[in-house]
Amino acid sequence: MYEPTQLRTFLAVAQTLSFTQAARRLGLRQSTVSQHVRRLEEAIGRPLFVRDTHGVELTEDGEAMLGFARTILEAHERAAAFFTGTRLRGRLRFGASEDFVTTRLPEILEAFRREHPEVDLELTVELSGTLQARLEAGRLDLILAKRRGGEDGDAGGELVWQDVLVWIGSPRLRLDPDRPVPLIVFPPPGITRARALEALQAQGRPWRIACTSSSLSANVAAARAGLGVMAHTRGLLPPGLVELSARAGLPELGAVDFVLRKGRRRGSAQDAADALAAAILAGGDRLHRPR
């Protein structure tokens, strides 16, 4: 009843909320992506997406279909691996931004380890800029990291999903418009740090560094204590913090992409990187939902 190809296309659209981005990810024409989704909707007899001039959104049935699609595809891949005798081996050096520690990435990694017990998975948690540098230096095989929204997909990696950066802080925080904005930031080369400083400078708004740490949990603790504001992804809002309203007068921060990038190693490391990348793409919608 449900074709794996159509389910993969559905997941790509559901995660990117864009038929264009899904087509780019899958290497298909946009008309083919639309055809796959239409045939899947015909098979189940219910619409999965609401499409208008403003964008694409999942329907309630589309939200329900996410879990079914992942389960069906995972079973399909397990059966294919069993009957082809494919067993991955070797060492895989995977890097992830700390943003994902509080999401369901651990569940995806746990499932990967169950499916591929002979792969030695090494996890590095770092700033996105640091992960990019380590990948380019050949010290990582695969990374899941942020990049500025709108960058060239070929140069910047494979899109998992898109979001926007917003200003967040304690619900009790009140900014004094006559004083510099107190900032909580990552050290360089943090992407959110760079975007926050650029936006404030373009606005002509003075600022000061109230806290800096390479640890997301430390920065979140500082924000909860009311030390200042921080730029953060809207879809990964930490508990205890809120998005600041427009009344705060802070500038817009723009879009951010979450992407997968692979290193230059070949052989078993490349095969393992491909398998983990496929698992992350299949479960990408879970990465911006709290555990």
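Notes on the structure in this doc start here.

What counts and how
Along each chain, numbering runs from 1 in the same order as the chain's sequence is written. It should be noted that, the model being predicted, local features are given only for residues of pLDDT at least 70 and side-chain atom pairs only at 80 or more, the latter also being counted only at that level, while totals for whole chains, interfaces and linings use all residues. To obtain the side-chain values, all non-hydrogen atoms of the structure were used and water was disregarded. Patch building starts from residues that exceed 30% relative accessible area and form no salt bridge, then joins like charges within 9 Å and nonpolar side chains (Val, Leu, Ile, Met, Phe, Trp, Tyr) within 5 Å. Using a 1.4 Å probe, the Shrake-Rupley method yields the accessible areas, and only the shown protein chains count as cover for residues. Here a salt bridge means any side-chain nitrogen of Lys or Arg lying within 4 Å of a carboxyl oxygen belonging to Asp or Glu. Put simply, DSSP marks the helices as runs of H or I at least four residues long and the strands as runs of E at least two long, and each gets a number from the N terminus on. For every residue, the accessible area (1.4 Å probe, protein chains only) is compared with the maximum for its type, and the residue is labelled buried under 20%, exposed over 50%, or partly exposed between those bounds. Between the rings of Phe, Tyr and Trp (Trp by its six-membered ring), a pair exists once the centres lie within 6.5 Å; its type follows the angle of the planes, with under 30 degrees stacked, over 60 edge-to-face, and the other angles tilted. Residue contacts are counted whenever heavy atoms from the two residues lie within 4.5 Å of one another. Every axis in this analysis is a line fitted to C-alpha atoms, fitted for helices over the stretch in contact. Angles between the N-to-C directions lie between 0 and 180 degrees. When describing relative orientation, an angle under 35 degrees is termed roughly parallel and one over 145 degrees roughly antiparallel, while 65 to 115 degrees is termed roughly perpendicular and anything else oblique. For any pair of crossing helices, the crossing counts as left-handed if the nearer helix is rotated counterclockwise from the farther one by less than a right angle, and right-handed if it is rotated clockwise. All amino acids are sorted into three groups, where Ala, Val, Leu, Ile, Met, Phe, Trp, Tyr, Cys and Pro are nonpolar, Asp, Glu, Lys and Arg are charged, and the leftover types, Gly among them, are polar. Put simply, a nonpolar core is a bunch of buried Ala, Val, Leu, Ile, Met, Phe, Trp, Tyr and Cys residues held in one set by side-chain atoms that sit within 4.5 Å of each other.

## Thoughts on a nonpolar patch on the surface
Thinking step 1. Nonpolar side chains collect at one region of the surface, where V101, L123 and V125 lie side by side and expose about 230 Å² of accessible area between them.
Thinking step 2. Structurally, V101 can be placed in the loop between β3 (90-97) and α5 (105-115).

## Details of the pattern of salt bridges
Thinking step 1. Counted by the stated rule, this structure contains 14 salt bridges.
Thinking step 2. Two residues, R89 and E118, come together in a salt bridge whose shortest N-O distance is 2.7 Å. Of this pair, R89 sits in the loop between α4 (60-84) and β3 while E118 sits in the loop between α5 and β4 (119-126); the two residues are 29 residues apart in sequence, bridging distant segments of the chain.
Thinking step 3. Taking relative accessible area as the criterion, R89 reaches 45% and is therefore assigned partly exposed.
Thinking step 4. Take E118: its relative accessible area is 31%, and that puts it in the partly exposed class.

## Notes on the packing of aromatic side chains
Thinking step 1. All chains considered together, the criterion is met by five aromatic pairs.
Thinking step 2. Judged by centre distance (6.0 Å) and plane angle (70 degrees), the ring pair of F19 and F49 falls under edge-to-face. Here F49 lies in strand β1 (residues 49-52) and F19 lies in helix α2 (residues 19-26), a separation of 30 residues in the sequence. Here F19 and F49 have matching classes, each one buried.
Thinking step 3. The interplanar angle of 15 degrees and the centroid separation of 4.3 Å between the aromatic rings of W161 and F258 together place this pair among those described as stacked. Of the two residues, W161 sits in strand β6 (residues 158-169) while F258 sits in strand β11 (residues 255-262), which places them 97 residues apart along the sequence.
Thinking step 4. In this structure W161 comes out as buried when scored by relative accessible area, which is 1%.
Thinking step 5. Accessibility expressed as a relative area gives 0% for F258, which makes it buried.

## Structural notes on the environment of Q201
Thinking step 1. Locating Q201 in the fold gives a position in helix α8 (residues 191-203).
Thinking step 2. The spacing of Q201 and P251 is 50 residues in sequence and 9.6 Å in space, taken between C-alpha atoms.

## Thoughts on the environment of F19
Thinking step 1. You can call F19 buried: its relative accessible area is 7%.
Thinking step 2. Along the sequence, F19 and T32 sit 13 residues apart, while their C-alpha atoms lie 9.7 Å from each other.
Thinking step 3. Once you skip the residues sitting within four places of it in the chain, F19 turns out to touch V13, Q30, V33, S34, V37, R51 and V56.

## Notes on the packing of α5 against helix α10 (residues 268-282)
Thinking step 1. Across the interface, α5 lies against α10 with an axial gap of 10 Å and an inter-helix angle of 135 degrees. Comparing their axes, α10 and α5 come out oblique. As α5 packs across α10, the resulting crossing turns out to be right-handed. Touching I108, L109 and F112 of α5 are A272, A275, L276, A279 and I280, all from α10.
Thinking step 2. Residue composition of the contact of α5 with α10, by class: eight nonpolar, no polar and no charged.

## Here's the deal with the packing of helix α1 (residues 4-16) against helix α3 (residues 30-44)
Thinking step 1. Direction vectors running N to C along α1 and α3 enclose 110 degrees, while the axes themselves pass 9 Å from each other. Taken together, the axes of α1 and α3 lie roughly perpendicular to each other. Listed contacts from α3 to T5, Q6, L7, T9, F10 and V13 of α1 are V33, H36, V37, R39 and L40.
Thinking step 2. Looking at the contact of α1 with α3, its residues break down into six nonpolar, four polar and one charged.

## Side note on the nonpolar core
Thinking step 1. Counting residues in each nonpolar core, the largest one holds 39 residues, and the members touching the most others are F94, L144, W167, L183, V229, L260 and L276.
Thinking step 2. Among the secondary structure elements, those contributing two or more residues to this core are β3, α5, β5 (142-148), β6, β7 (181-185), α8, β11 and α10.
Thinking step 3. If you tally residues by element for this core, the top one is α10, at six residues.
Thinking step 4. A12, F19, A22 and V37 belong to the second largest nonpolar core, which has 20 residues in total.

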